[in-house]
Amino acid sequence: MTQLDLSATERKWQERWEKAKLFEAEPLARKKFMLTFPYPYMNGFLHIGHFYTLMRVDVLARYKRLQGYNVLFPQGWHCTGSPIEAAAKRIRDKEPKQWASMRKMGFKEKEIEAFADPEHWTAFFPREAKIDYQRMGMSVDFRRSFITTSLNPYYDRFIRWQFRKLKEKGYVTKGEHPVVWDPKLNMPVGDHDRSEGEGETPQEFLLVKHRLDDDRYLVSATLRPDTILGLTNIYVHPDYDYQEIEIETAAGTEHWILGESAIKRLEEQDWKLRPVGTIKGQDLIGKETEEFGDRKVPVLPATFLDPEVGTGLVHSVPSESADDLIALWDLKKDEKLQKKYGLDKEMVAQIEPIEILDLKGIGGNPAKHFLEKYGVKHQDERKKLDRIRAELYKLSFYNAKFGSIYKGVFGRDIVGRPIQEEMDYVKEQLIEQGWAAILYQLTGRVVSRNLNECIVKIVRDQWFINYGDPAWKELAREALRGIRLYPEKARAQFEHVIGWLHSWACAREYGLGTKLPWDPQWVIESLSDSTLYNAYYTVAHLLTKMPLDKVNDALFDHILLGKGTAPSKEAEQMRKSFTYWYPVDFRNSGKDLIQNHLTFYIFNHVALLPRKYWPRGIGVNGWVVIDGQKMSKSLGNMILLRDMADKFNVDPSRLTIMSGGESLDDPNWDSGFAAAIRNKLIAFHDFCLTHHGKGNGPAKETPVDAWMESRLNSIVKETTLAMEETLFRTASQKAFFELNQDLRWYLKRTNNRPNRSLMDRILESQVIMMAPFVPFLCEEIWEKLGKKGFVSVASWPKHDDKLIRPELDALEKTVADSVQDIQQVLKLAKVETPKKLTLFVASPWKYELYALLAREMKATRNPKELIPRMMAKESIKKHGQEVMRILQRILKSGRIPEAVSSEKEEFAALQDARVFLQEEFGAEIEVIRAGETEESKAAAALPGKPAILVA
RNA sequence: GCGGGGGUGCCGGAGUGGUCAAACGGGACAGGUUCAGGGCCUGUUGGCUUAGUGCCUACGAGGGUUCGAACCCCUUCCCCCGCACCA
C-alpha cells in the first residue's frame, strides 16, 4: 500500500466541502444547533491558543451535524479597539520593536510598510484567518463572516442600534473615571503601549482635611480612611517647605497646605487652584487641628516622611500604623526634640494609640503587635518597617472589622463589619461631609512608548454601561440558571462575576470601532461591541445584500424584536432566519473571559432580547501550554496555525490538541504526541481498508463476537456521553485508542477471522466517531470504503443497552490472563513447542470464603464485626482485596451468590477459547474443571487462576 | 487578601472509600518483522527480590476518621485564571 499523503487529502476534501457548500446553513424543517467562537482579534495570525478553543466549537459542530442537527457555525473578525490602530502608528513611526515583530511573522520590508495603514490590517488578517480556518477544517459558514467597526457600515449600524436600545432602557450612564495618560500625546496609555510600568494602575487616595484654627487646612493622603477615628496627631517634616494654595472645592474656595508633588497631581486631575505661599514644616509644629468626629489633635514633627509620597504630610494612626507608632514612641523619649519645637511634654506624653478596629487574633493595636514581633526599636529601621507596613496593611484591610468606637458615627451602623466591605461607604461619608476628597496616584512609574512620563487623568463625560443595576443583575442570574455550562463547575465563577460587576466604561476617545450614536466623539470599545453580535450572524449574508440606506433601526427592530410589519420581503426572510437560528446553543471561550466578555454577553442578551432568545449553552476552557511550558511571546513558543499544519498536518494537530486536556484544565500541546499520532492515523486508514468488507469469520455469532459487540456498544455509549459534555479528550480516547485496543484483541482472539458484519460495523462506527476530530482522514477512508456522501454528514452510531454486557469483560480477561499464564509456565518449564496444555479451572479459596461467609452472616450482618471475623482466617486474608470487594457486593445485595457460578462461566469461556489458544501455542488444549480428575484436585490446591499442565 | 480551578509515575493525564504500583496515551529501553528508514508486533519501564507468588515505599506536606484513603475531614505549602475599562 502506498503511503497516504495527508497534505493532499486535506486539500482534496477542503475543496470538495467548499464546492458542495457543505457548511452553508439555511433554515430547514430540521432541529437546529448554532455555535459560535468569539471573533478573534485581527492584529496577527491565528495561533495555537485560538486553535484549542476553536476546535472545541468545530468538534461539537461536527458532532451535532452527525446527530442530524441543522448546524450553523459562523465566524466574524474583530477589529475594534486601539491595538490595530496603535500598531499601525508604530509601523509609521518605524518603531523597531514593532517592525521586528512583523518580520517575525514572516513579512518582508515592503510588505510591512503597508501595515502603516490600519485598514490594511483589517483587510489582510481576516483574509488570512479564513485561509487558516479552511485549512484546519473548520466547518464554518463563511458567507456570514464580517469585520467589526465603522469600516463595515452594516455591522456599524447594528451596533448603533444595540446602543440606542441600551440607552433607551436606561442601561447607559455618564460618569468619570481615572485613566493612565500620556500628557504630551494627550492620549490614554494602555498596558501594551508602555515602555515601562506594565500593570501599574491609578490608585485612589483619600485626601483628608485637618482644620487649623485660622480655617486653613492641612491635607494628608491615605489609603486607609477607615482608620480615621484612630487619628491622634498630624506629622509634618520640620525641614520641608509646604505650599499653601487656594482651591475650588465643592464647599467653595478653601486654603490647603500640602506638598508640591500633590499639587501637581491635583492640577493634572483638573482641580482649580492657585498658589498662595510657602510654609516651613517647623512653623506648623505645635498647632492644633480640628478633625472629623469633633476632636482636636496636635501637629508633631517626624523625619520619616517622604515629600514625594502622598501630600508630604500624614495624619497619624498609631494603633494601625507601625510607622506612626514608632515615631510617637521616639518623640516621647526625645525630650530634646520636644524642647526644640516647644512642645508641651505633658501633652506629648498623653498621646496614646486609640483602638478602632478589631483584628482577629491580634486585637485593637496591631501596630504595637508588629513592632514587638519584629523587635523594631527606632523609626530609622526602614527595612523592617517597610515590611511591616505591607504585611499589616493587607492583614488589616482584608481581615479586620470595625470596632465599637464607630457606633453611631455614620448614618449606617458598621460596627463589626469587615473593613474591605465598608471602606467605600466610609469614603463616601467623609467626602459627603466635606472632610475628604479623592486624589489618584499611579501605583508606580509609567512611561509610554513615546518615552513620556505618564500621569493620571480624570476622564469626564465617560459613558458607562451600568452592569451594576440590581434588576438587570437579577435577570442575568435568571438567564444563567437556564444556561447549560460546559463544564458545570464554571457556574460558581459566573455567579460571582454577576455579583461584583459594576459600571463598565464602554467608550474610548481613540481606536477603531463604532461611534456612539448620540455622542460621536466616543468610540465604542471592543468588549462592548461584541456582546450581541451572535444575532447578527443569523442575517449577515442577507443584510449585506440590502442597500445600505434601508438598513436602519426599524429594520433591526423588526428582525430582532419582531416589531411592526416587515418593511420588505428581505426583512421578512431575515426575521425568519433570526427566529430559526436563535438562541445560540453553544458559545465557547477561554476561562479568562468569564469575568468580562461571557458575562457581558449574558447581560446584553437579557437586556435586549426576549427570554426565548437568551443563550442556551456556554463552554469555557483552559489555556494552552506548549510541551508543558506556558505559552508566551517572550518564550517565543507561540505556534501559528499555518506552521502547525505545515509541520504536523491538520488531522494530527486536531487530534493532538483535543487530546491535550479538557474541562477547565490547561490543555497541553505535546509535539511528540503530534508526531506519533500522525503515524497512528495513517495506520488507522490502512487498517480500515485492510479489514473492511473482508472479515471472513463465521456468519454465526460466537461468544467473542458477543464480547466485541458489547465493547462496541459500550464505547459508542461512553463516547456519545463524553461528546455531549464536550469532554473531547475522553471521547477521542475512547473512540480511538480504546476501541483500537479491543479490536486488536478481537482480531487475535478470532485468529484474524472476525465476524464480517460486526467488523464492518465497528470500522464504520469508528470512522464516524472520529470524523469530528480528524475529518479529512475520515472522509478519505469513508470514500475508499465505498460509502456514499460525506462522512461529515453521516449518522452518528447508536448503541443498544441490551448488548452491553460487562460480565463478558471478566470472562474475556480470564482468557487473556490464561495466555500470559501459559507463556510464563512454558518459559519456566523451558518448553518451546508443547504438544498439549491442560488448563484446570479452580478457585478453592472462594469456596472457603463463601462457606465461611454463610456461617458468619448468621451471627451478624454488621460490616464492622463481620469483616474482622472473616479476615481472621489466614487463607482468606491472603486474598484481602478481592475478599473485600466480594463482601461489599454481597453486603449491598444481601445475597450470597453461588461460588461455582463464576467458575462455571470461566470454564465455558476457556472451552470456547480453545481454538484460539490452540493456534496461539500450536498445541492441543484441554480445559478441566477442578475436582473432575485426580490431577485437577492437586491443581485446585493452588490459589486463584487456572492451573496449567504441560505435556 | 478575595473568587474560581488544580497538585497522581520520566511526561500528558485517568482514577474521588476496597478488582491501585495506578486506565489510556507519549517517551525511553529490549526483542521480533522489514533491503533500510518509518511503520507495525511483543515485552520492560517506583524500590528490593522471585520462575511465579512476595515485600517495602508512593498519589504536594502534616495530622485525623475508617477494618480499609489518591479518594472523606482538619491544618499547611505550591501552581494556574481573574480581581476590570485591556483585547
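Conventions and cut-offs
One numbering rule holds for all chains: residues counted from 1, following each sequence as written. Note on labels: chains are lettered from A, ligands numbered from 1, in written order. Note on the predicted model: pLDDT of at least 70 is required for a residue's local features to be given, and 80 or more for side-chain atom pairs to be given and counted; whole-chain, interface and lining totals, by contrast, use all residues. Each side-chain value is derived from all of the structure's non-hydrogen atoms; neither hydrogens nor water enter the calculation. Axis lines are fitted through C-alpha atoms, for helices just across the contact stretch, and the angle between N-to-C directions can take any value from 0 to 180 degrees. By the criteria applied, helices consist of DSSP H or I runs no shorter than four residues and strands consist of E runs no shorter than two, each listed in order from the N terminus. We call two directions roughly parallel when the angle between them is under 35 degrees, roughly antiparallel when it is over 145, roughly perpendicular when it lies between 65 and 115, and oblique otherwise. Any two residues having at least one pair of non-hydrogen atoms within 4.5 Å are treated as being in contact. Ten residue types, Ala, Val, Leu, Ile, Met, Phe, Trp, Tyr, Cys and Pro, are classed as nonpolar, four, Asp, Glu, Lys and Arg, as charged, and the remainder, Gly among them, as polar. Two strands are counted as paired when DSSP detects at least two bridges linking them. The aromatic pairing rule takes the rings of Phe, Tyr and Trp, using the six-membered ring of Trp, and pairs them if the centres are within 6.5 Å, calling planes under 30 degrees apart stacked, those over 60 edge-to-face and the rest tilted. Any Lys NZ or Arg CZ that is within 6 Å of a ring centre and within 35 degrees of that ring's normal is treated as a charge sitting over the ring. Per-residue accessibility, obtained with a 1.4 Å probe over protein chains only, is compared with the maximum for each type, and a residue is labelled buried under 20%, exposed over 50%, and partly exposed between these values. For every residue, the predictor states its confidence as a pLDDT score lying anywhere from 0 to 100. In these notes, a set of buried Ala, Val, Leu, Ile, Met, Phe, Trp, Tyr and Cys residues joined through side-chain atoms within 4.5 Å is what counts as a nonpolar core. The span one expects for a helix is its residue count, reduced by one, times 1.5 Å. Arc definition: directions from the helix axis to the C-beta atoms. One side-chain nitrogen of Lys or Arg within 4 Å of one carboxyl oxygen of Asp or Glu is enough to make a salt bridge. Polar contact criterion, stated in full: a pair of N or O atoms within 3.5 Å, where within protein one must be able to donate a hydrogen and the other to accept it, and residues adjacent in sequence count only if both atoms are side-chain atoms.

**Student:** Got a minute to help me understand the packing of helix α1 (residues 6-19) against helix α29 (residues 775-784) in this structure?
**Tutor:** Describing two packed helices takes the angle between their axes plus the distance from one axis to the other. Two elements in contact, α1 and α29, have axes whose closest approach is 9 Å; the angle formed by their N-to-C orientations is 85 degrees. With respect to each other, α1 and α29 are oriented roughly perpendicular. On α29, the residues that touch Leu6, Thr9, Glu10, Lys12, Trp13, Gln14, Arg16 and Trp17 of α1 are Pro775, Phe776, Leu777, Glu779, Glu780 and Glu783. Of the residues contributing to the contact of α1 with α29, the split by class is 6 nonpolar, 2 polar and 6 charged.

**Student:** Got a minute to help me understand the sheet that holds strand β25 (residues 617-621) in this structure?
**Tutor:** Across a sheet, strands are paired by hydrogen bonds formed along the backbone, either parallel or antiparallel in direction. Ordered in space as β2-β1-β24-β25-β20, the 5 strands form an open sheet in which the pairing is parallel. In the strand order of this sheet, the two ends are held by β2 (70-72) and β20 (484-486), each with one partner. The sheet shows a mean angle of 20 degrees between the axes of neighbouring strands, taken without regard to direction. Bridge count between strand β1 (residues 32-36) and strand β24 (residues 586-590): 2 bridges; the pairing is parallel. Of the residues in β24, the one forming a bridge with Thr36 is Arg587.

**Student:** Got a minute to help me understand the packing of aromatic side chains in this structure?
**Tutor:** The relation between two aromatic rings is expressed through the spacing of the ring centres and the mutual angle of the planes. On inspection of all chains with the given rule, the structure shows 57 aromatic pairs. Ring plane angle 65 degrees and centroid distance 5.4 Å describe the contact between Phe107 and Phe124, whose orientation is recorded as edge-to-face. Taken as a pair, Phe107 in the loop between α4 (96-104) and α5 (109-114) and Phe124 in helix α6 (residues 118-135) lie far apart in primary sequence, 17 residues in all. Each residue in the set Tyr39, Phe146, Tyr155, Phe158, Trp161, Tyr533, Tyr536, Tyr537 and Phe556 is aromatic and connected to the rest through ring pairs, giving one cluster. Positioned above the aromatic ring of Trp782 is the side chain of Lys787, whose terminal nitrogen or guanidinium carbon lies 5.6 Å from the ring centre.

**Student:** So what exactly am I meant to see when it comes to the pairing of strand β13 (residues 295-301) here?
**Tutor:** The side chains of a regular strand alternate between both faces of the sheet. With respect to burial, β13 is a largely interior element, 5 of its 7 residues being buried. The sheet contact formed by strand β8 (residues 233-236) and β13 spans 3 bridges and is parallel. Bridge pairing links Ile234 to Val299 in β13. Bridge count for strand β12 (residues 288-291) against β13 is 4 bridges, and the pairing is antiparallel. Among the inter-strand pairings, Glu288 is bridged to a residue of β13, identified as Pro298. Connecting the antiparallel pair β12 and β13 is a turn made up of 3 residues, with Gly293 showing a positive phi of about 90 degrees.

**Student:** Help me understand the confidence of the model for chain A in this model?
**Tutor:** Low-pLDDT stretches of the model should not have their predicted coordinates read in fine detail. Within chain A, residue pLDDT values average 85, and 88% of them lie at 70 or more. Of all secondary-structure elements in chain A, the lowest mean pLDDT belongs to helix α37 (residues 934-940), at 52, while β2 reaches the highest, 98. Across residues 939-945 the pLDDT falls below 50, and counting only partners more than four positions away or on other chains, this stretch makes 14 contacts in the model. Both scores are available for the predicted complex, with the pTM at 0.81 and the ipTM at 0.85.

**Student:** Help me understand the environment of Trp745 in this model?
**Tutor:** With respect to the helices and strands, the residue Trp745 is situated in helix α27 (residues 728-749). Residue class for Trp745 comes out buried when judged on its relative accessible area of 17%. Through-space distance from the C-alpha of Trp745 to that of Met708 is 9.2 Å; in sequence the pair is 37 residues apart. Residues in contact with Trp745, not counting those within four places in the same chain, are Trp707, Glu812, Val815, Ala816, Val819 and Phe916.

**Student:** Honestly, unusual backbone geometry in this entry has me stumped. Any pointers?
**Tutor:** For residues that are not glycine, phi is negative in most cases, and the peptide bond is trans in most cases. Cis peptide bonds are those with omega within 30 degrees of zero, and the linkage from Tyr486 to Pro487 qualifies with -5 degrees. With respect to the helices and strands, the residue Pro487 is situated in the loop between β20 and α17 (491-500). Positive phi, close to 55 degrees, is recorded for Asp294, a residue that is not glycine. Inspection of the secondary structure puts Asp294 in the loop between β12 and β13. On the accessibility criterion, Asp294 (73% relative accessible area) is exposed.

**Student:** I tried to follow the environment of Met105 on my own but got confused; where do I start?
**Tutor:** By the secondary structure assignment, Met105 is in the loop between α4 and α5. In the structure, Met105 is positioned 60 residues away from Phe45 in sequence and 7.9 Å away in space, judged by C-alpha atoms. In contact with Met105, other than residues within four places in its own chain, are Asn43, Gly44, Phe45 and Phe125.

**Student:** Any chance you could explain the nonpolar core here in plain terms?
**Tutor:** Buried together is how nonpolar side chains tend to be arranged in soluble globular proteins. Among the nonpolar cores identified, the biggest contains 130 residues, and Trp669 and Phe773 are the most heavily contacted of them. In contact with Phe773, not counting residues within four places along its chain, are Met55, Val59, Asp651, Arg654, Leu655, Met658, Met723, Phe728, Ala731 and Ser732. In this structure, Phe158, Ala507, Leu542 and Phe600 belong to the second largest nonpolar core, which totals 73 residues.

**Student:** I'm lost on the sheet that holds strand β27 (residues 629-630) in this one. Help?
**Tutor:** Taken in spatial order, the 3 strands line up as β27-β26-β28 in an open sheet, and their pairing is mixed. Both edges of this open sheet fall to β27 and β28 (668-669), since each of them pairs with a single strand only. Pairing geometry for strand β26 (residues 625-626) and β28, over 2 bridges, is parallel. Bridge assignment links Ile626 to a residue of β28, and that residue is Trp669.

**Student:** Which parts of the structure should I look at to understand helix α14 (residues 382-399)?
**Tutor:** Because an α-helix completes one turn every 3.6 residues, residues spaced three or four positions apart along the sequence face the same direction. Counted at 1.5 Å a residue, the expected span for α14 with its 18 residues is 26 Å, and the 25 Å between its end C-alpha atoms agrees. Among all positions in α14, only Leu385, Ile388, Leu392, Ser396 and Phe397 are buried. For α14, the angular spread of buried residues about the axis comes to 130 degrees, placing them on one side. Away from the buried face of α14 by more than 90 degrees, exposed residues Lys383 and Lys394 are located.

**Student:** Looking at this model, I keep getting lost on the environment of Glu812. Mind explaining?
**Tutor:** Relative to the elements of secondary structure, Glu812 occurs in helix α30 (residues 806-829). By relative accessible area, which is 8% here, Glu812 ends up buried. A sequence separation of 592 residues divides Glu812 from Ser220, and the C-alpha atoms of the two residues are 82 Å apart. If near-sequence neighbours (up to four positions away) are discounted, Glu812 is found in contact with Val704, Trp707, Trp745 and Arg749.

**Student:** How should I be thinking about the pattern of salt bridges in this particular structure?
**Tutor:** Proximity of charged atoms lets side chains of opposite charge pair with each other. With the rule as written, the count across this model stands at 50 salt bridges. Residue Lys427 pairs with Glu204 through a salt bridge whose shortest N-O separation is 2.9 Å. Of the two residues, Lys427 sits in helix α15 (residues 419-432) while Glu204 sits in strand β6 (residues 202-212), which places them 223 residues apart along the sequence. Across the salt bridge formed by Glu738 and Arg711, the nearest N and O atoms sit 3.7 Å from each other. Placement of the pair is Glu738 in helix α27 and Arg711 in helix α26 (residues 703-724), with a sequence separation of 27 residues. A residue is classified by how much of its surface remains accessible, and Glu738, at 28% relative accessible area, is partly exposed. Bridged by salt links that share partners, the residues Lys12, Arg16, Glu780, Glu783 and Lys784 form one connected network.

**Student:** Teacher, can you tell me more about helix α13 (residues 366-374) here?
**Tutor:** Looking only at α13, the buried set comprises Pro366, Ala367, Phe370, Leu371 and Tyr374. Projected onto a plane normal to the axis of α13, the buried residues spread over an arc of 140 degrees and lie on a single side. Away from the buried face of α13 by more than 90 degrees, exposed residues Glu372 and Lys373 are located. Just past α13, the residue Gly375 takes up positive phi, approximately 60 degrees.

**Student:** Sorry, what's going on with the side chain of Gln75 here?
**Tutor:** Tracing the backbone shows Gln75 in the loop between β2 and α3 (82-92). The class of Gln75 is buried, set by a relative accessible area of 0%. Reaching out from Gln75, the side chain makes a polar contact with the backbone oxygen of Phe37 at a distance of 3.3 Å. Of note is the side chain of Gln75, whose polar atom sits 3.1 Å from the side chain of Tyr133.

**Student:** I would appreciate a short explanation of the packing of helix α7 (residues 153-168) against helix α22 (residues 597-608) in the present structure.
**Tutor:** Interaxial distance between α7 and α22 falls to 10 Å at its minimum, and their mutual angle equals 70 degrees. Put simply, α7 runs roughly perpendicular to α22. Across from Gln162, Lys165 and Leu166 in α7, the residues of α22 making contact are Asn604, Ala607 and Leu608. For the contact of α7 with α22, the per-class residue count stands at 3 nonpolar, 2 polar and 1 charged.

**Student:** How do you make sense of the pairing of β12 when you look at a structure like this?
**Tutor:** Residues Thr289 and Glu291 line the buried face of β12, whereas the alternating positions Glu288 and Glu290 sit on a face that is not buried. As judged from the 2 bridges shared by β6 and β12, these two strands associate in the antiparallel manner. Among the inter-strand pairings, Arg211 is bridged to a residue of β12, identified as Glu290.

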